[in-house]
Amino acid sequence: LFDMQLENGAWGMTLATVNQSLIAHRFGVKRVLLANQLISRSDTQAVLGLLKNDAEFEFYALTDSLEGVARMAQQVQESSLQHPLPLLVELGFAGGRTGCRSMKDALAVARAIHQSPYLRLAGIEGYEGLLVGKHRDQDLVAVRAFIQDLLTLTQQADAEGLFSGDTILLSAG
């Protein structure tokens with residue numbers, strides 16, 4: 001399945017867990033976007049080990065808090081990884097399951113990533129799926145507003161020079 005997607009132009013694989021990421025790597029996937037945060041120390045260490053042992057492997061994770069940024073920076077520093085870990089700021093919404101609840105909070109997280117020598121702001125992410133209910137017209141308004149917020153956050157972070165690298169990742173649902 002990985003091969004079929006990659007052969008047909010997939011940029012990489014978006015996966016839900018570190019275990020799925022390890023399996024994908026074992027089957028030759030060289031670029032993974034984890035659609036979650038690295039929370040447990042064992043998961044983080046597993047990913048950092050892959051990155052240290054395979055220079056061609058690219059891994060991106062999400063974060064939505066200053067605490068998460070501090071935890072990731074400390075673990076990357078302790079691992080002696082030779083390059084910063086790429087992260088995407090996750091933008092959420094009131095009542096959502098994850099993500100920064102405001103643009104102000106999201107920009108603070110982006111700035112903290114940018115300031116760390118152990119992390120790299122690679123992009124912005126959000127999941128609009130929880131905005132969808134039974135009223136299509138209202139759902140479309142809510143989803144469009146959320147996507148506009150993702151774009152605005154990306155533009156603000158870019159205007160501040162917070163992104164590192166030539167590419168800015170923007171990911172939604």
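Each remark here, short or long, concerns the structure printed above.
Anyway, here's the lowdown on the structure attached to this text. Small disclaimer: the values here were computed from a predicted structure and weren't measured.

**Quick notes on the environment of V141**
Mapping V141 onto the fold places it in helix 6 (residues 136-159). C-alpha of V141 to C-alpha of S79: the two residues are 62 residues apart in sequence and 44 Å apart in space.

**Topic: the sheet that holds strand 6 (residues 169-172)**
The sheet built from six strands is open, its strands ordered 1-2-3-4-5-6 with parallel pairing. The open sheet has two edge strands, strand 1 (13-15) and strand 6, and neither has a second partner. Across this sheet, the average inter-strand angle for adjacent strands is 30°, counted without regard to direction. For strand 5 (residues 119-126) and strand 6, the ladder comprises four bridges, and the chain directions are parallel.

**Points about the pairing of strand 4 (residues 85-91)**
Among the seven residues of strand 4, seven are classified as buried, and the element is accordingly described as predominantly covered. Of the two faces of strand 4, the one carrying L85, L87, V89 and L91 and the one carrying P86, L88 and E90 are both buried. Sheet topology places strand 3 (residues 58-63) next to strand 4; three bridges connect them, and they run parallel. The partner of A61 across the bridge, within strand 4, is L87. Note that the unit made of strand 3, helix 4 (residues 66-79) and strand 4 has a crossover that is right-handed.

**Regarding the side chain of Q37**
One can find Q37 in strand 2 (residues 31-37). Side chain to side chain, Q37 and D64 meet in a polar contact 3.1 Å long. Excluding its chain neighbours within four sequence positions, the residues that come into contact with Q37 are L62, T63, D64 and E90.

**Quick look at the packing of helix 5 (residues 103-115) against helix 6**
Two elements in contact, helix 5 and helix 6, have axes separated by 11 Å at closest approach and are oriented at 40°. On the basis of the axis angle, helix 5 is oblique to helix 6. Every pair of crossing elements has a handedness; the one defined by helix 5 and helix 6 is right-handed. Judged by residue contacts, M103, A106 and L107 of helix 5 engage D149, T152, L153, Q156 and A157 from helix 6. Of the residues assigned to the contact of helix 5 with helix 6, the class counts are five nonpolar, two polar and one charged.

**A closer look at helix 6**
The end-to-end C-alpha separation of helix 6 is 34 Å, in line with the 34 Å expected for 24 residues at 1.5 Å each. Taken together, the buried positions of helix 6 are occupied by D139, V143, F146, L150, L153, T154 and A157. In this fold, the buried residues of helix 6 make contact with strand 4, helix 5, strand 5 and strand 6. Count one or two residues on from helix 6 and you reach G161, which has phi positive near 70°.

**So, the pattern of salt bridges**
Under the definition given, this model contains four salt bridges. Taking the shortest distance from any N to any O, the salt bridge between K30 and D54 comes out at 2.6 Å. Taken as a pair, K30 in the loop between helix 2 (18-26) and strand 2 and D54 in the loop between helix 3 (41-53) and strand 3 lie far apart in primary sequence, 24 residues in all. Of the charged contacts, one joins R41 and E78 as a salt bridge, the two residues approaching to 2.3 Å between their closest N and O atoms. Highlighted residues: R41 in helix 3 and E78 in helix 4, separated in sequence by 37 residues.

Cut-offs used in this document
- Residues numbered from 1 in each chain as written.
- Predicted model: local features only at pLDDT ≥ 70, side-chain atom pairs only at ≥ 80, totals over all residues.
- Heavy atoms only, no water.
- Helix = DSSP H or I, 4+ residues; strand = E, 2+ residues; numbered from the N terminus.
- Pairing = 2+ DSSP bridges.
- Axes fitted to C-alpha atoms, helices over the stretch in contact; angles between N-to-C directions.
- Buried < 20%, exposed > 50% of the residue type's maximum accessible area, 1.4 Å probe, protein only.
- Right-handed = clockwise from strand over helix to strand, strands pointing away.
- Polar contact = N/O pair within 3.5 Å; in protein donor to acceptor, adjacent residues only side chain to side chain.
- Contact = heavy atoms within 4.5 Å.
- Parallel < 35°, antiparallel > 145°, perpendicular 65-115°, else oblique.
- Left-handed = near helix turned anticlockwise from the far one by under 90°.
- Nonpolar A, V, L, I, M, F, W, Y, C, P; charged D, E, K, R; others polar.
- Expected span 1.5 Å × (residues − 1).
- Salt bridge = Lys/Arg side-chain N within 4 Å of Asp/Glu carboxyl O.

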